Amino acid sequence: PLWNPYKCGGMTLLGNPESAALTPFFIIDLLAGPVLGTYLQILLHLAIGFAGGYVLAHTMGLGRVAGVVLSSVFLSCSWIYLQLSMGNLNLALPIAYWPWIFAMFFRSVGGRKLIHAAIGGALLALTLGMLLNTLAGRPARALAAYDGR
């Protein structure tokens, strides 16, 4: 299980920059299998994004209906589903944490509690880790974005 003979003539699981072995959601793949695990991860992240939108609306002082609308509008972005249909899970799934990051930021500034800043920072690290993991697997794409000017 720690060696993939099909990637680049053989590569360790941890040596692959796009491997999800170190994410907390890898346990879903181990329990349910790779295909069902991927579907469950997508559904779980959509639920996390929906709940995050609701919490963000509540943090901003909006009502329940506004929270449901905010969550629905946030998750109705076609870019997320386009990336999911192309298999770019490392680009699409971290978006589910954005409303949580903003909600924890607003709560830490408003309530001056360090725990909210720590939770928001941990979610930001998880999000950036997943995004940088994707860029590490495709350095040419990252270099193409910077043309040296």
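Draft legend 1. Representation of the overall build of the protein chain in the model. When its secondary structure is counted, the protein chain shows eight helices and two strands. For the protein chain, the sequential pattern of α-helices and β-strands runs β-β-α-α-α-α-α-α-α-α. Out of the 149 residues belonging to the protein chain, those deemed buried represent 31%. Of the contacts made within the protein chain by residues no fewer than 6 positions apart, 50% connect residues no fewer than 24 positions apart.

Draft legend 2. Molecular detail of the side chain of Asp29. Tracing the chain through its elements places Asp29 in helix H1 (residues 26–32). The class for Asp29 is buried, based on a relative accessible area of 19%. Side chain to side chain, Asp29 and Gln41 meet in a polar contact 3.2 Å long. If we ignore the near neighbours within four places in the chain, the residues touching Asp29 are Pro34, Gly37, Thr38 and Gln41.

Draft legend 3. Layout of the environment of Ala92. For Ala92, the location among the structural elements is in helix H5 (residues 89–92). Taking C-alpha positions, Ala92 is 8.1 Å from Trp79, a pair spaced 13 residues apart along the chain.

Conventions used here
Residues numbered from 1 in each chain as written. Predicted model: local features only at pLDDT ≥ 70, side-chain atom pairs only at ≥ 80, totals over all residues. Heavy atoms only, no water. Helix = DSSP H or I, 4+ residues; strand = E, 2+ residues; numbered from the N terminus. Buried < 20%, exposed > 50% of the residue type's maximum accessible area, 1.4 Å probe, protein only. Contact = heavy atoms within 4.5 Å. Polar contact = N/O pair within 3.5 Å; in protein donor to acceptor, adjacent residues only side chain to side chain.

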